[in-house]
2 protein chains.
Amino acid sequence: MQRRSFIRTLGVAGAGATASLALQSPAIAQTRPKVNWRLVSGFPKQLDTIFGAAHVFADSVREVTDGQFDIKVHAPGEILESLGELDAVQNGLIDMAHTASYYFVDKDPTFAFGTGLPFGLNQRMTNAWLYEGDGMRLLEAFYSDYNIISFPAGNTGAQMGGWFRKEINSLEDMQGLKIRISGLGAQILKKIGAVPQFLAGGDIYEALKEGTIDAAEFVGPYDDARLGFNKVANYYYYPGWWEGGVALMNMINLQSWDALPNAYKAAIRSASALANVTMMARYDTLNPPTLRKLVAEGTILRPYTHDILEACFVASEAIYEEISAKNARFKLILDSYMEYRREAYMWFQRSEYSQDTFLMMQRRGGRL
Amino acid sequence: MQRRSFIRTLGVAGAGATASLALQSPAIAQTRPKVNWRLVSGFPKQLDTIFGAAHVFADSVREVTDGQFDIKVHAPGEILESLGELDAVQNGLIDMAHTASYYFVDKDPTFAFGTGLPFGLNQRMTNAWLYEGDGMRLLEAFYSDYNIISFPAGNTGAQMGGWFRKEINSLEDMQGLKIRISGLGAQILKKIGAVPQFLAGGDIYEALKEGTIDAAEFVGPYDDARLGFNKVANYYYYPGWWEGGVALMNMINLQSWDALPNAYKAAIRSASALANVTMMARYDTLNPPTLRKLVAEGTILRPYTHDILEACFVASEAIYEEISAKNARFKLILDSYMEYRREAYMWFQRSEYSQDTFLMMQRRGGRL
């Protein structure tokens, strides 16, 4: 499988071109082979935000290599079964996926760190931990067990806390509620008495409409409105405490990666950063007007009550402890991540938070 | 001057290599000339954060082009007089600068938008407005009058509000105070009764020590500590309301830019994004432990009192109105920027702010 993958990444036409050029100008020929890759996104095509980020990435790689390194972006259904990206990348069936690492927590909860933990780092802290803290170094060691190397390539920011068919006024109201949610958030909701459900994005609308589930979380105003959730549930809660700064990852097969010349590796690094910034910017641009429209059309915004947040926070700490007791690598990365959280929330409460607070007060006073 | 610049960017050796290769393999030769550029940073070399971002950028461009596009990074004094980057880029004396656009507000206050306005957008909003709002499109039209094209390539986040030799407990205490500050913040401080001073970064320490100024702002804990301000002033104020999300820009001479093949232009775009993410991540990683150390060594942290913030906010609105009355382009961009601020602070107060608030409460309760 790995040998096949190695040959495929170079491609027949590409290898030929490389060989003939090598006779004339070795320095350039060695470094600019024709390479064709297949990328599978973990998200439906209609989400121009999160699916679109894979195109931002692939377009940049293509442009900086003058079309020599061509990464074709596929929707999940085109090549793979739903949520099979990890296996497909690991086995070299595809070269890479652009997806949420925490989709794979059932294999190992350590996959959660590539996305973010409930009550974890916000978007900026996530980038900071990944790029300049220990994040990427620690994750590289973990992902390599799955024959993968990974680069941050997008973020949604703090997501919303989901759509509810009825109002939730206390922890009691959460008991027995069937809530569509994924990742470690599901385990937390279970601990506080709710009944987490897993459904693919495309199945949520129908389930909410029929009432086979009571609530569902997905992303935020723009994506959620595209999937029509506001038409089948009235109450829109915040914050999405289980997704405070959701990172997306470019997860790449290690043999495909190793076969690349250094310039193409560098192209992947910088194009991933471009996708990272652009995707966040797109959400921040599209979410505000969509939220305004949703509210105008009848959606009722509600913050989670403090007792719910407190109970979920306590449950999250218990779950991290339980997993850590059984999983040394999870504990190792958790310690780094949580130390970062402690430091970051000491720093952010000064300038960032007080500036935001002051301007939000002006906003509420109608002075912005 | 422009003709000279065009020839220099290709370089004699590069042009020769291009010509000889063209006979053998036109497709590659046309797109991979040897190009040598000179970049001047607006910041002192010892600031590995903000000066370092220019290296992150140049290294990435070099790597993705296999060393064919080589951008040499210079400290300001090596080539230019202090703060002469804009003229130097405009005239093609250098190919590009990595600097703060608002250093040039004396030429036109519209330069402030490339950095950020007092009481303006935070870091994430700044990126959003630039990349996916109208920001970069509007700025491109403006900068082209100065023979420049520009790309975001770094951010400091919300800066601190400066070092004071004595405690400031009310708006009254600001009267007559000599404060080192740059950009539009200086005009605001003047309006509320302080006496703004301009000093280059390297001159601040001595002036604070001698008491020829009463206060000085620069960046945040890490950079400020490197320059030793904590040794000559005890009170460290926040927030830096005039610098809530300071963007750095790669400002590029238009003839140098136009002479580039498309692949090199794409390399500049993605490498700038990498510098943007990396520089912010570096500040967010270095500032918390530095702040902790400063406080342990005796620095006293203080928030600006509300009456000071209110007065400065009102003064900022008045100044924007005054400038807008005389400068149509400033008004055009201001309207876009402020509309963005209004929308963004409606959206951010939901999930982002309530998640941050909850975690800061946990932090203060010793539970993180």
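Structure shown above.
Cut-offs and rules
Residues numbered from 1 in each chain as written. Chains lettered and ligands numbered in written order. Predicted model: local features only at pLDDT ≥ 70, side-chain atom pairs only at ≥ 80, totals over all residues. Heavy atoms only, no water. Pairing = 2+ DSSP bridges. Helix = DSSP H or I, 4+ residues; strand = E, 2+ residues; numbered from the N terminus. Buried < 20%, exposed > 50% of the residue type's maximum accessible area, 1.4 Å probe, protein only. Arc of directions from axis to C-beta. Axes fitted to C-alpha atoms, helices over the stretch in contact; angles between N-to-C directions. Parallel < 35°, antiparallel > 145°, perpendicular 65-115°, else oblique. Left-handed = near helix turned anticlockwise from the far one by under 90°. Contact = heavy atoms within 4.5 Å. Nonpolar A, V, L, I, M, F, W, Y, C, P; charged D, E, K, R; others polar. Lys, Arg positive; Asp, Glu negative; His and termini not counted. Salt bridge = Lys/Arg side-chain N within 4 Å of Asp/Glu carboxyl O.

A. Looking closely at the sheet that holds strand E5 (residues 162-164) of chain A. Residue and element names in this part refer to chain A. Here six strands make up an open sheet; going across it, the order is E7-E6-E8-E5-E9-E11 and the pairing mixed. Single-partner strands in this sheet number two, and they are strand E7 (195-197) and strand E11 (300-303). Note: E5 against strand E9 (residues 235-238), three bridges, orientation antiparallel. Bridge assignment links Phe164 to a residue of E9, and that residue is Tyr235.

B. The arrangement of helix H8 (residues 135-144) of chain B in detail. Among the residues of H8 of chain B, those classed as buried are Gly135, Leu138, Leu139, Phe142 and Tyr143 of chain B. Down the axis of H8 of chain B, the smallest arc covering the buried residues is 130°, so these residues share one side.

C. Highlighting the packing of helix H8 (residues 135-144) of chain A against helix H15 (residues 328-347) of chain A. All names here are of chain A. In the contact formed by H8 and H15, the axes pass within 10 Å of each other and the chain directions differ by 165°. As judged from the angle between their axes, H8 and H15 are roughly antiparallel. For H8 against H15, the interelement crossing comes out left-handed. Here Leu138, Leu139, Ala141 and Phe142 of H8 come into contact with H15, specifically with Arg329, Leu332, Ile333 and Ser336. Classifying every residue of the contact of H8 with H15 by side-chain character gives six nonpolar, one polar and one charged.

D. Quick peek at the side chain of Ser101 of chain B. You can see Ser101 of chain B is positioned in the loop between strand E3 (96-99) and helix H7 (123-131). For Ser101 of chain B, the contacting residues outside a window of four places in its chain are Phe111, Gly114, Thr115, Tyr143 and Met251 of chain B.

E. Spatial organisation of the side chain of Glu243 of chain A. Residues and elements named next belong to chain A. Note that Glu243 resides in the loop between E9 and strand E10 (247-253). For the buried Glu243, which has no salt bridge, the nearest side chain bearing the opposite charge is Arg180, at an N-O separation of 6.8 Å. Excluding its chain neighbours within four sequence positions, the residues that come into contact with Glu243 are Tyr102, Gly157, Ala158, Gln159, Glu217 and Phe218.

F. Region of the structure containing the pattern of salt bridges. By the definition in use, this model includes 38 salt bridges over all chains. Lys191 of chain A serves as the salt-bridge partner of Glu322 of chain A, at 2.5 Å between the closest nitrogen and oxygen. Of this pair, Glu322 of chain A sits in helix H14 (residues 306-326) while Lys191 of chain A sits in helix H9 (residues 184-191), placing them 131 residues apart in sequence. Looking at Lys191 of chain A, the relative accessible area reads 42%, which means it is partly exposed. Where Asp48 of chain B meets Arg226 of chain B, a salt bridge forms, and the shortest distance between an N and an O atom there is 3.2 Å. Of the two residues, Asp48 of chain B is situated in the loop between strand E1 (35-41) and helix H4 (50-64) and Arg226 of chain B in helix H11 (residues 221-226); the sequence distance between them amounts to 178 residues. What makes Asp48 of chain B partly exposed here is its relative accessible area of 30%.

The values reported here are purely geometric and, on their own, carry no functional implication.
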